[in-house]
Amino acid sequence: MALLDSVTGKIIRDYSIEELTEAANLMRGYDLVALCAAGSGHAGGTLSIMDIAAALYLKVANHDPENPEWPLRDRIIWSAGHKAPSLYLGLAFAGFCKIDDVALLRRLGSPFQGHPHWLKLPGVEVSSGSLGQGLSIAVGVALACKLDGRKCRTFCIMGDGEQQEGQIWEAAMEAAHYKLDNLVGIVDCNGLQIDGRVAEVMNIDPIEEKYKSFGWDTLRIDGHNMDQIVEALSTSNAGKGKPLVVLATTVKGKGISFMQNVAGWHGKAPNYEEMIQGLRELELLEKIPYASLLERAEKYQRQAIHALNEKLPNFTRDYWWNSQIVMNVEMEPTRKGFGRALAEHGDDERVICLGLDISSSITLSDFYAGKPERKKRWISMGIAEQSATAAAAGLAKEGKLPVFGTYATFAAARNLDQIRTSVCYGNFNVLIAGAHGGVSVGPDGATHQALEDLFAMCGLPNMSVVVPCDAVETKKATSYLLLQHFGPKYLRFAREATPIVSKQETPFLFGKANVIRLRHTGDKFADAFDTYLASAYENESEELTIIACGPMVPEAMRAAYILQQEFGWETRVINMHTLKPIDENAVIHAAKETGMIITAEEHQIGALAWRVSGIITAARELYGIPVITGAIGVRDRFGESGAPWELIKEFEVSAEHIAAKAVELRAVRQRALRQLDVKPAVH
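Note that the structure is a prediction, hence the values are computed from the model and not measured. (Residues numbered from 1 in each chain as written. Predicted model: local features only at pLDDT ≥ 70, side-chain atom pairs only at ≥ 80, totals over all residues. Heavy atoms only, no water.)

### Some words on the overall build of the protein
Check the secondary structure of the protein and you find 22 helices and 24 strands. A compact globule built from 683 residues would reach a C-alpha radius of gyration of about 26 Å, and the protein, at 27 Å, matches this within 12%. Seen through its principal axes, the protein has C-alpha atoms that stretch 85 × 55 × 55 Å. Taken over 683 residues, the protein has a buried fraction of 60%. (Helix = DSSP H or I, 4+ residues; strand = E, 2+ residues; numbered from the N terminus. Rg over C-alpha atoms; globule rule 2.2 N^0.38 Å. Buried < 20%, exposed > 50% of the residue type's maximum accessible area, 1.4 Å probe, protein only.)

This is the structure in structure tokens:
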């Protein structure tokens, strides 16, 4: 059984093995087009799992595309959420959505997010993306179905590298303990993860024996042999009291010669020429309307951009980055500064770098690149953030200088208790890199966008938190934290290229803010500003102060430019690169001298705003002095897929939004001051 009319119980369509094989090949072709249209995504794993996706959605799992919430349906949980295009194509070919719509993959506002979101697309069972969690969800789903007496099955699709997450084995233990014979785990054993071969990054074998020892039945199959796939997934353990895991040996990038068995294609999308070559190899060049699909994606994109620009605050001209012949900037990812610092200081024998599977992406691997003598101090921990955090504490206890990093949302959230107890409570000298902070991972979507990490890190005793503004400052911050600062430390930086607004001679002192002042209009944006240590800055009677951190510092500077050009207002910009300990004096002087404070953060409002507001509220120096405040940041929402610069506009954290907030607050302040002037004196 498979595609059913849930009312009549009749089969909608029964695919033969040959038809399933053909469908899987066609799904691979649509996958290439969707990834090419998106310009990002995960080609390798989506191609390796496609035969299994076709078998599940078109042949094995009982479900009804006209009734996605049918209580007796089989559930398909994608723990490996980065393989979302395979999920979407499975749903599309089954009739849950239009096949052509999958070309809108990873676009802003599209239900086809970079990682699946169950509230956006019918047929998606759970939102996923943070590896290692899906099997636990599947345990809960299977338990609920058992308790309700529903004779349905729960399938959970996982990656082999994902087996490195400790939570997988907690769930495996639970599934066997509760005799969940309605649960089927599926492991895509393609042998590769981002950092290389699974066996070399962190060996998971003997995986079959491990599952057996946990009380599971196991089946090992060729994950591209449709007969074996259908037979294995149709195997019922009902009444046996044991969960079943299907270990499917697959080829990463299956079907495309230049992608097969290449780790670099894990998180990469084909360009147009590569897409054409792939379609030709799949013999689908004449069967898939790729030109119209790409045009559909572009038309959608044009509409999305228009909608974004429509809601962007308007001024007399376009002030967006590099849109004018003056005030232009160079851009570079802030992560580059992190890698450069590790490369420069890595000869210190105390420095130990712990890899967590995205090492090249966050530039952590620059530590040993071209320096093989350092490889002994490169410890690959695989996809295991919690254990790596505690291991780093152990290294620090023995006098080492451990550094580990991953996406900020995993570096500061999945392992929060380990940071709190193993690192901070013992006050151990561990440097944590929260890479790809904010919305800079863009199309990957909400599960990978760190918009809450600074709440946690700033709230931990003994933890120091630094959020540098550009690649130059990131290098300085990394060097200082690595070799001079003792104790737990969290360094947050972005993935996307952002404006370079500081120089080698620009001051950087941990815990001491900088004041940035616009001085003139010129060819180069960065040269138009002067930067001072806040402690050495003398009041110039500015109209307002913008306090920012990270990539919002360039936005704050651009807002100052907008306000000067449009209204002639002078703005004090404070680069609060150290969030903890925060420079209280810089805040107090700015509040006292300008009377208007706007905070700007690429984060949920509060990590910076609440700390600044708290300082203003508690400062005796400000008693009786009217100070008006406003906050720019993400307003209590999750992220979504879209290009990073699109999301800056979508989340309303651009310079234009900062400038508009300044206009709004100044009007309020002026009204309040006028009212104060006309009030009679109180005796």
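Further notes follow.
### Looking at the nonpolar core
Counting residues in each nonpolar core, the largest one holds 73 residues, and the members touching the most others are Leu56, Tyr88, Leu233, Met275 and Leu279. Not counting residues within four places of it along the chain, the set of residues in contact with Met275 comprises Leu32, Val33, Cys36, Pro270, Tyr290 and Leu294. In terms of nonpolar packing, the next biggest core, distinct from the first, is built from 49 residues, Ala392, Ala513, Ile588 and Leu622 among them. (Core = buried A, V, L, I, M, F, W, Y, C linked by side-chain atoms within 4.5 Å. Contact = heavy atoms within 4.5 Å.)

### Digging into helix α17 (residues 471-483)
In this model, α17 (13 residues) spans 18 Å end to end at C-alpha, consistent with the 18 Å of a helix rising 1.5 Å per residue. Considered for burial, the residues of α17 that qualify are Ala471, Glu473, Thr474, Lys476, Ala477, Thr478, Ser479, Leu481 and Leu482. By the N-cap criterion, in which a side-chain oxygen at the helix start approaches the backbone nitrogen of a residue two or three places on, α17 is capped by Asp470, the distance to Val472 being 3.2 Å. (Expected span 1.5 Å × (residues − 1). Polar contact = N/O pair within 3.5 Å; in protein donor to acceptor, adjacent residues only side chain to side chain.)

### Quick word on the pairing of strand β13 (residues 401-407)
Side-chain positions along a regular strand alternate between the two faces of the sheet. Of all 7 residues that make up β13, 7 are buried, and the element is covered over most of its length. As judged from the 4 bridges shared by strand β11 (residues 351-355) and β13, these two strands associate in the parallel manner. Residue pairing for β13: Leu354 is matched across the bridge by Phe404. Looking at chain direction, β13 and strand β14 (residues 431-435) are connected through 5 bridges and run parallel. Among the inter-strand pairings, Thr406 is bridged to a residue of β14, identified as Gly434. (Pairing = 2+ DSSP bridges.)

### Regarding helix α15 (residues 416-424)
Those residues of α15 that fall on the buried side of the exposure criterion are Ile419, Val423 and Cys424. Angularly, the buried residues of α15 cover 75 degrees about the axis, an arc narrow enough to put them on a single face. Contact partners of the buried residues in α15: α13 (385-397), α14 (408-414), β14 and α16 (453-458). (Arc of directions from axis to C-beta.)

### Some remarks on the sheet that holds strand β4 (residues 154-159)
Judged by pairing direction, the sheet is parallel, and its 5 strands sit side by side in the order β3-β4-β5-β9-β8 without closing on themselves. The sheet is open, and its two edges are formed by β3 (75-78) and β8 (217-222), each paired on a single side. Within the sheet, the average angular offset between the axes of one strand and its neighbour, ignoring direction, is 20 degrees. Judged from the 6 bridges that link them, strand β5 (residues 183-189) and strand β9 (residues 244-249) form a sheet pairing that is parallel. Along β9, the bridge assignment pairs Gly185 with Val245. (Axes fitted to C-alpha atoms, helices over the stretch in contact; angles between N-to-C directions.)

### Some details on the packing of helix α1 (residues 17-38) against helix α11 (residues 290-311)
The packing of two helices is summarised by the inter-axis angle and the distance between the axes. Contact geometry of α1 with α11 gives a least axis separation of 10 Å together with a crossing angle of 35 degrees. Of the two possible hands of crossing, α1 and α11 adopt the one that is right-handed. Contact residues: α1 offers Tyr30, Val33, Cys36 and Ala37, while α11 offers Tyr290, Leu293, Leu294 and Ala297. Class assignment of the residues belonging to the contact of α1 with α11 gives a composition of 8 nonpolar, no polar and no charged. (Left-handed = near helix turned anticlockwise from the far one by under 90°. Nonpolar A, V, L, I, M, F, W, Y, C, P; charged D, E, K, R; others polar.)

### Remarks on the confidence of the model for the protein
Across the protein, pLDDT averages 96, with 99% of residues at or above 70. Scored below 50 in pLDDT, residues 678-683 makes 0 contacts in the model with residues more than four places away or belonging to other chains. (pLDDT = per-residue confidence, 0-100.)

### Section: the pairing of strand β20 (residues 544-548)
Counting buried residues along β20, 5 of its 5 residues qualify, which places the element largely inside the surrounding structure. Both faces of β20 are covered, namely the face carrying Leu544, Ile546 and Ala548 and the face carrying Thr545 and Ile547. Where β20 lies against strand β21 (residues 571-575), 5 bridges are found, and the strand directions are parallel. Looking across to β21, one finds that Ala548 is bridged to Asn575.

### A look at the pattern of salt bridges
Inspection of the entire model under this criterion finds 41 salt bridges. The salt bridge partner of Glu543 is Arg666, with a shortest N-O separation of 3.1 Å. On the criterion of sequence distance, the pair formed by Glu543 in the loop between β19 (529-533) and β20 and Arg666 in helix α22 (residues 655-678) is long-range, its members being 123 residues apart. Of the residues examined, Arg666 reaches a relative accessible area of 21% and is grouped as partly exposed. (Salt bridge = Lys/Arg side-chain N within 4 Å of Asp/Glu carboxyl O.)

### Considerations on the sheet that holds strand β12 (residues 378-380)
As summarised here, the arrangement of the 7 strands in space is β12-β11-β13-β14-β16-β15-β22, forming an open sheet in which the pairing is mixed. Each edge of the open sheet is held by one strand with a lone partner, namely β12 and β22 (578-580). Taking the axes of each pair of neighbouring strands and ignoring which way they run, one obtains an average angle of 20 degrees across the sheet. Sheet topology places strand β15 (residues 464-466) next to β22; 2 bridges connect them, and they run antiparallel. Note that in β22 the partner of Val465 across the bridge is Lys580. Helix-sheet contacts for α13 involve β11 and β13, and the interaxial angle to β13 is about 165 degrees.

### Some points on the packing of helix α3 (residues 50-60) against helix α9 (residues 226-234)
Here α3 crosses α9 at 55 degrees, and the two axes come no closer than 10 Å. Considered as vectors, α3 and α9 are oriented oblique to each other. The way α3 lies across α9 gives a crossing that is right-handed. Across the interface between the two elements, Asp51, Ile52, Ala55, Leu56, Lys59 and Val60 from α3 touch Met226, Ile229, Val230, Leu233 and Ser234 from α9. When the residues that make up the contact of α3 with α9 are grouped by side-chain class, the tally is 8 nonpolar, 1 polar and 2 charged. (Parallel < 35°, antiparallel > 145°, perpendicular 65-115°, else oblique.)

### Describing the side chain of Ser654
For Ser654, the position within the fold is in the loop between α21 (644-650) and α22. Given the relative accessible area of 0%, Ser654 is considered buried. Engagement of the side chain of Ser654 in a polar contact is seen with the side chain of His657, the distance being 2.8 Å. Each residue touching Ser654, except ones within four places of it in the same chain, is listed here: Leu312, Trp320, Glu555, Arg558 and Ile648.

### Points about the packing of aromatic side chains
Counted according to the given criterion, the structure contains 18 aromatic pairs. Between Phe525 and Phe529, the aromatic rings sit 4.9 Å apart at their centres with planes inclined by 50 degrees, giving tilted as the arrangement. Assigned by exposure class, Phe525 and Phe529 land together as buried. Through pairs of rings, three or more aromatic residues link up here, namely Trp169, Tyr211, Phe214 and Trp216. (Phe/Tyr/Trp six-rings, centres within 6.5 Å; stacked < 30°, edge-to-face > 60°.)

### Remarks on the environment of Trp118
One can find Trp118 in the loop between α4 (84-94) and α5 (134-147). The partly exposed category is assigned to Trp118, whose relative accessible area is 43%. Through-space distance from the C-alpha of Trp118 to that of Val439 is 21 Å; in sequence the pair is 321 residues apart. In this view, Trp118 contacts Val124, Glu125, Val126 and Ser127; residues no more than four positions away in its chain are not counted.

### Some points on unusual backbone geometry
Backbone phi values are negative for most residues with the exception of glycine, while trans is the configuration of most peptide bonds. With an omega of 5 degrees, the peptide bond running from Asp205 to Pro206 counts as cis. Secondary-structure assignment places Pro206 in the loop between α7 (198-202) and α8 (207-213). Cis peptide bonds are those with omega within 30 degrees of zero, and the linkage from Lys580 to Pro581 qualifies with 0 degrees. Examined against the element boundaries, Pro581 turns out to sit in the loop between β22 and α19 (584-594). One non-glycine residue, Asn427, adopts positive backbone phi at about 55 degrees. By the element assignment, Asn427 lies in the loop between α15 and β14. Assessed through its relative accessible area of 29%, Asn427 is described here as partly exposed.

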